[in-house]
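In case you want the letters, here they are:
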Amino acid sequence: MRYTFLLCLTISSLAFTQGKIIGLILDAKTKDVVVGASVQVLESKRGMVTGLEGKFQFDNLDAGTYRLQISALSYAPLIKTDIIVTNNKPVFVSIELEPDAIQGEEIVVTAGYFAEANKTQTSTTNLSREEIRRFPGGGEDVIQTVATLPGVAVRGSGGRNDLLVRGGGPSENIYVVNGMEAPNINHFSTQGASGGALSFVNLDFVDNVSFSSGGFAARYGDKMSSVTNLTTRPGRTDRIGGKALISASQYGANVEGPLGKNGDFIVSARRSYLDLLFKALGLGFIPNYTDFNILGNYEITPKDRIRILSLVAIDYVEKNNDKRENRIFNSTLLDNEQYISISGINYVRTQPNGYWDITANTNVTAYRFAQSDTNLVKYFSSDSREIEYVAKVQRYWILNKGLGLLTGFDNKWIHTKNNTQFGSTIIDREGNSIPIDSLGIAPQTKNSPSFRKFSAFTEADWVITKKIEFNLGVRLDHFSYLDRRNYIAPRVTAKYSFTEKWNSKLSIGRYYQSPSYVWVANPANRALKALANDMLIGGSDYTIKPDTKIGVEAYYKRYRDLPSGTTRGVDDYFVTTATGTGFGGREDNFASFGYATLKSSGSGRAFGLEILLQKKFSDTPYYGQMSVTIGKSELTAANGKSYPNPFDQRFILNIGGGYKFNNRWEVSGKFRYFTGSPYTPTYRPSDNPKNTTTTQNLPDEYLSKRLPAGHHLDLRVDRFFNYNQWRLIVFADVQNVYGYKQYTIPSYDFSKDQVNKREELGIFPSIGISAEF
């Protein structure tokens, strides 16, 4: 009887397990806690005020989606949406409030959903973890979701995480994770660029993503086009918990829990099972990838916080060459082995007048590439290492109510190793044998240079009145390996608020970027200069309702000192920044690696107009966004001729959104239409109009054709099951619903002696299951 009573008591306690929201309110400028902030759960009308540690907690919440309204004296109010409460674990929310530095003016500010509207910087969009998770066709991938924002073009048929931002190339983007700069966060990345196949950052750990497509402040440097800034969430502090996941391409598990009284940790491991699928289908190439994410947070005191981070990705491709058709197909692909590690520690100490932010991290990237002909004879191999040891210090001061100053420096000690070998000839993308000496590439490059990067910056946030704000900054970058080492970049951004709902912003600045490490593997390329971009951005946004905003921006970018080939009639037609959207090797005649001798003689320009309409999830259970991008970009190479940028898509339309029927069902969809990008004609050897090699044709026909327009529709359905101690999510994601076969850059299939112009893949359905406990 006693045991029956205890069993019933246990079942009863489980049956009434409910969710909770635990939160922390911080000052967006000083990073200090905000005391006395009012926090209200809009769905339940419950509220409370933060105490001396800036924390709040709401217990006994039913499973569902919630919104928090936060307000505090001298701060702009804010609504935090898409807070998913479950019965199996508490949800932690960290919220930063923008201070209203100028007081005493009669302006009423209503709470809104768009934190970026309160900031001075232009071209910035914030995405929550939930917005990324439910994004159709995104595979719960941060970069796939960012790639649909205004100004980002798509190269080829997709399947790649290349950010091509406002006419910029794939090497022009920076990733920042918890304050640590990462060279790349993608599996099967392209050396010298920032793209790859898919992100190895586990979305379950991401709290917020801020994407800037231009006009970013002086604290960010050594890149010219965009900043993707990821902040991670803390782990649970009540008990050990976890999650198991299986999706269309991978499976994995997470574990999280408390670390002492004041800390927490999260660990995940994921692995692809594409090898099982590809082998079962008899395919000749078999990609494999594994990644590990380790995160830790510890609060030494309420003013001293430490975060640790370790991200590891291991990739390799197996090849099955038992059949002739497999050998022919595999000869078009690089043998590809990669190891990427990003590890570090971040320490933040808040003070009454500001904060210290100190970071130390190590980035290790190792590549092994090789390519063989149809007889399995190797004619290219590369073994390289790129190691960065980074120390960064930042200090923020509040000088007075309207003026804040952020200054800092970082030092990178860089060690590289390059061992590259070519045969006497290479095989180009059309199967032609090209003598290596005709391409200006040394048969062997073997060096191990070490050098240093140093940067220092100062930027000021200056609020003159409630209507007028400035961000003024200057940055110094030093790259010891180049002949010309020092570069100074000034930047200015201004914001004018016509009303509480209507803002206009203007940004002008200079941006420098040192050449990618692989580009300077050739010692002759030490003569390169840092790449330069002068950028002008102007725009305006209007908050139609607290949950709905429309914005318009125009931009103009002027590029100079871009690396271009030097051999007349052979490679002086291309600019290296316009390569790297594939996996390298034969598909782009090895141009993306930059092994040839280059000179800083390329230039370019890009300009355009963007419109973005956003509707956040609110008391109305639907959400969505629509963006229109109209633009043009072109490059001028060393031969003095101007060509369209390979990423020059003149018009891009994105429409996406969803509807939450209840706490069990949600549907979403995404439609994308885009005009075609330029490409270089590819021929069957017998149809070649000059009966010569592709390389000899390229200067005349480089990017002379343009693909037809493309479009596709993706749909997703999510079903949620909330149990007492765990949660189950089942989703179906269908890409290219109506099976449209996209036109792609033509490629020569010399096993069939034909040129392929359209992708074979039509509709692509996938399902996924995850269980949280």
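None of these values were measured; they are calculated from a predicted model.

(A) Expanded view of the packing of aromatic side chains. Applying the stated criterion to the full structure yields 30 aromatic pairs. Here the aromatic rings of Tyr 556 and Phe 607 are separated by 6.4 Å at their centres, their planes lie at 20 degrees, and the arrangement is stacked. One end of the pair, Tyr 556, is in strand 34 (residues 548-565); the other, Phe 607, is in strand 35 (residues 598-615), and 51 residues separate them in sequence. Three or more aromatic residues joined by ring pairs make a cluster, and in this case those are Tyr 367, Phe 369, Tyr 379, Phe 380, Phe 422, Phe 590, Phe 593 and Tyr 595. Here the basic side chain of Lys 453 rests over the ring of Phe 479, its NZ or CZ set 5.1 Å away from the ring centre. Residue placement shows Arg 716 over the ring face of Phe 731; its charged tip is 4.2 Å from the ring centre.

(B) Structural context of the environment of Lys 80. Note that Lys 80 resides in strand 6 (residues 78-85). Between the alpha carbons of Lys 80 and Phe 617 there is a distance of 9.9 Å; along the sequence they are 537 residues apart. Not counting residues within four places of it along the chain, the set of residues in contact with Lys 80 comprises Tyr 66, Arg 67, Leu 68, Ile 70, Val 93 and Ile 95.

(C) Representation of the pairing of strand 38 (residues 651-660). Across 9 bridges, strand 36 (residues 622-636) lies against strand 38 in antiparallel orientation. Bridged to Met 626 within strand 38 is Ile 655. Where strand 38 lies against strand 39 (residues 665-674), 9 bridges are found, and the strand directions are antiparallel. Of the residues in strand 39, the one forming a bridge with Ile 652 is Phe 674. Between strand 38 and strand 39, which follow one another and run antiparallel, lie 4 residues.

(D) Quick peek at the nonpolar core. With 35 residues, the main nonpolar core has Phe 380, Phe 422, Ile 426 and Phe 593 as its most contacted residues. Counting residues per element, the ones that place at least two in this core are strand 23 (354-372), strand 24 (378-400), strand 26 (425-427) and strand 34. The contacts of Phe 380, once residues within four sequence positions are left out, are Leu 334, Phe 369, Ala 370, Gln 371, Thr 420, Gln 421, Phe 422, Phe 590, Phe 593 and Tyr 595. Within the second largest apolar cluster, 30 residues are counted, among which are Val 152, Val 165, Ile 266 and Leu 309.

(E) Quick peek at the pairing of strand 11 (residues 173-177). With respect to burial, strand 11 is a largely interior element, 5 of its 5 residues being buried. The two faces of strand 11 match: Asn 173, Tyr 175 and Val 177 on one face and Ile 174 and Val 176 on the other face are all buried. Hairpin connection from strand 11 to strand 12 (residues 180-182): 2 residues lie between these consecutive antiparallel strands, with Asn 178 at a positive phi of about 50 degrees.

(F) Highlighting the environment of Gly 739. With respect to the helices and strands, the residue Gly 739 is situated in the loop between strand 43 (727-735) and strand 44 (743-749). Leave out the neighbours within four places in its chain, and Gly 739 touches Gly 762 and Ile 763.

(G) The pattern of salt bridges, seen in detail. Tallied over the full model, the rule gives 42 salt bridges. A salt bridge links Glu 256 to Arg 233; the nearest nitrogen and oxygen atoms lie 3.0 Å apart. Taken as a pair, Glu 256 in strand 18 (residues 250-259) and Arg 233 in the loop between strand 16 (226-232) and strand 17 (241-246) lie far apart in primary sequence, 23 residues in all. Take Arg 233: its relative accessible area is 9%, and that puts it in the buried class. When the shortest N-O distance is used, the salt bridge between Asp 733 and Arg 716 registers 3.7 Å. Linking Asp 733 in strand 43 with Arg 716 in strand 42 (residues 710-722), this pair joins segments that are 17 residues apart in sequence. By relative accessible area, which is 3% here, Asp 733 ends up buried. On the basis of relative accessibility, which here comes to 1%, the residue Arg 716 falls in the buried class. One salt-bridge network, held together by shared partners, links Asp 82, Glu 130, Arg 133, Arg 134, Glu 140, Lys 660, Glu 666, Arg 716, Asp 718 and Asp 733.

(H) Fine view of the sheet that holds strand 7 (residues 91-97). Across the sheet, 3 strands lie side by side as 4-1-7; this open sheet has mixed pairing. With partners counted over all chains shown, the strands left at the sheet margins are strand 4 (55-61) and strand 7, one partner each. Averaged over all pairs of adjacent strands, the angle between their axes in this sheet comes to 20 degrees, without regard to strand direction. Pairing between strand 1 (residues 19-27) and strand 7: 7 bridges, direction parallel. By the bridge assignment, Leu 24 is partnered in strand 7 with Ser 94.

(I) Expanded view of the environment of Asp 571. Relative to the assigned elements, Asp 571 resides in the loop between strand 34 and strand 35. Separated by 133 residues in sequence, Asp 571 and Ser 438 place their C-alpha atoms 9.6 Å apart. When neighbours within four sequence positions are excluded, Asp 571 is seen to be in contact with Leu 439, Gly 565, Thr 566 and Ala 596.

Rules of the game
Residues numbered from 1 in each chain as written. Predicted model: local features only at pLDDT ≥ 70, side-chain atom pairs only at ≥ 80, totals over all residues. Heavy atoms only, no water. Phe/Tyr/Trp six-rings, centres within 6.5 Å; stacked < 30°, edge-to-face > 60°. Helix = DSSP H or I, 4+ residues; strand = E, 2+ residues; numbered from the N terminus. Lys NZ or Arg CZ within 6 Å of the ring centre and 35° of its normal. Contact = heavy atoms within 4.5 Å. Pairing = 2+ DSSP bridges. Core = buried A, V, L, I, M, F, W, Y, C linked by side-chain atoms within 4.5 Å. Buried < 20%, exposed > 50% of the residue type's maximum accessible area, 1.4 Å probe, protein only. Salt bridge = Lys/Arg side-chain N within 4 Å of Asp/Glu carboxyl O. Axes fitted to C-alpha atoms, helices over the stretch in contact; angles between N-to-C directions.

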